[in-house]
Amino acid sequence: MNNITKYGIAFLALLLVVLFFDGTHADAYYTTNQSAVTLEESVGLYTIDFMFAHEDYDIYIPIIATRAPERVSDTLLSYTVLDRNDTIVEDGASAGIVLSNAKIQNGMYIVPKGTVRRFTLLTLFTPTNTDTPNEFRTHVTHLPFSFDGTRQLQLNQSELVKYTTPLTTLR
């Protein structure tokens, strides 16, 4: 094989790698990390990191998160607290919010077309019954988003399976 062929193959391989990892192409949504930390014996801090992007449309993502086993509205992210048996925990106090450095427009985060933005769902949970230790996790039950503020969409339940934190023990 001559040098021109070798360099041509190397250039083609490099070009394919650059195109594959090109950060300007943006059609995606996925979770990137989940964590659970016990802040005090009875307070759990849970985070779910995710990214959104689209090449052709601005995307709007909720800021407000509410504890609910299903969809509450198209402008709220819904989550629930589960125990170690994946049973929904009804008792206890919880609060949640979606954090991002994305700009806010019309009460929602906006991801301009052709860009990628990172988000973190942050939830706190304190169980009511603290007599015996138990393990808890946060799970996203509804993640709505819209294209250009008009076409309302949501992630499917099969996609939300990964939007679940690890368990942490609370008393």
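Given the structure is predicted, the values throughout are model-derived calculations rather than measurements.

(A) Here's a closer look at the overall build of the protein. Secondary structure assignment for the protein yields 2 helices and 13 strands. Within the protein, the fraction of its 171 residues that count as buried is 35%. Nonlocal contacts in the protein, meaning residues at least 24 apart in sequence, comprise 69% of its contacts between residues at least 6 apart. Accessible area for the protein stands at about 9,900 Å²; split by element, carbon and sulfur atoms hold 54% of it.

(B) Local environment of the sheet that holds strand β2 (residues 43-53). Strand order in this open sheet of 8 strands is β1-β2-β9-β6-β4-β5-β10-β13, and the pairing throughout is mixed. One side of each edge strand has no neighbouring strand; the edge strands of this open sheet are β1 (28-40) and β13 (168-170). Between one strand axis and the next, the sheet turns by 30° as a mean value, whatever way the strands run. Bridge analysis of strand β6 (residues 93-99) against strand β9 (residues 116-126) gives 7 bridges, and the strand direction is antiparallel. Within β9, the residue paired with A93 across the bridge is T126.

(C) Fine view of the layout of surface pockets. Approximately 150 Å³ is the volume attributed to the largest pocket. Lining the largest pocket, in full, are D83, T87, I88, V89, D91, P127, T128, N129, T132, N134, F136 and L170. In terms of residue class, the lining of the largest pocket is built from 5 nonpolar, 5 polar and 2 charged.

(D) Inspection of the packing of aromatic side chains at higher detail. Tallied over the entire structure, the rule returns 10 aromatic pairs. Here the aromatic residues Y29, F50, F52, Y57, Y109, F119, F145, F147 and Y163 are joined through ring pairs into a cluster of three or more. Above the plane of the ring of Y57 lies R151, whose end atom (NZ or CZ) is 5.4 Å from the centre.

(E) Highlighting the confidence of the model for the protein. When pLDDT is averaged along the protein, the result is 86, and 84% of the positions lie at 70 or above. Predicted confidence is poor over residues 2-26, with pLDDT under 50, and the contacts of this stretch with residues over four places away or in other chains come to 11 contacts.

(F) Main features of unusual backbone geometry. In this structure, D86 takes a positive phi of about 60° despite not being glycine. With respect to the helices and strands, the residue D86 is situated in the loop between β5 (77-83) and β6. Phi is positive for N106, which is not a glycine, with a value near 55°. Checked against the element boundaries, N106 lands in the loop between β7 (103-105) and β8 (108-111). With relative accessibility at 70%, the residue N106 sits in the exposed group.

(G) Local environment of the nonpolar core. Within the largest apolar cluster, 28 residues are counted, with the highest numbers of intra-cluster contacts made by F50, F52, I61, L77, F119, L121 and L143. Elements supplying a minimum of two residues to this core: β2, β3 (59-62), β5, β8, β9, β10 (134-142) and β11 (144-147). Ranked by the residues each element gives to this core, the list is headed by β2, at 4 residues. Look past the residues within four positions of F119 in its chain and what remains in contact with it is I48, D49, F50, F52, I61, V98, L99, S100, A102, Y109 and V111.

Thresholds applied
Residue indices follow the written sequence of each chain, beginning from 1 at its first position. Where totals are concerned, whole chains, interfaces and linings use all residues; where local detail is concerned, this predicted model gives features only for residues with pLDDT of at least 70, and gives and counts side-chain atom pairs only at 80 or more. Side-chain metrics rest on all non-hydrogen atoms present in the structure, leaving aside hydrogens and water. The helix count covers DSSP runs of H or I at least four residues long, the strand count covers runs of E at least two residues long, and both are numbered beginning at the N terminus. Only protein chains enter the accessibility calculation, which uses a 1.4 Å probe. A residue is then buried if its area is under 20% of the maximum for its type, exposed if over 50%, and partly exposed in between. We call two residues in contact when some of their heavy atoms are within 4.5 Å. All accessibility values rest on the Shrake-Rupley procedure with a 1.4 Å probe; residue burial counts only the protein chains present in the view. DSSP bridges decide pairing: two strands pair if at least two such bridges lie between them. A fitted line through C-alpha atoms serves as each axis, taken over the contacting stretch for helices, and the angle formed by two N-to-C directions is quoted from 0 to 180°. Of the two site types, the cavity is a set of points on a 1 Å grid over the protein atoms alone where a 1.4 Å probe fits but cannot get out, and the pocket is an open set with protein on both sides within 12 Å along at least five of seven lines, each lined by residues with an atom within 4 Å of a point. Grid points are joined across faces, edges and corners, and a volume is the space filled by probe spheres set on the points. Asp, Glu, Lys and Arg are counted as charged, while Ala, Val, Leu, Ile, Met, Phe, Trp, Tyr, Cys and Pro are counted as nonpolar; the rest, among them Gly, fall into the polar class. Two rings from Phe, Tyr or Trp (for Trp, the six-membered ring) form a pair when their centres sit within 6.5 Å of each other. Planes less than 30 degrees apart are called stacked, planes more than 60 degrees apart edge-to-face, and all others tilted. Both a distance and an angle decide whether a charge sits over a ring: NZ of Lys or CZ of Arg must be within 6 Å of the ring centre and within 35 degrees of the ring normal. pLDDT: the predictor's confidence for each residue, scored from 0 to 100. Put simply, buried Ala, Val, Leu, Ile, Met, Phe, Trp, Tyr and Cys residues joined by side-chain atoms within 4.5 Å make one nonpolar core.

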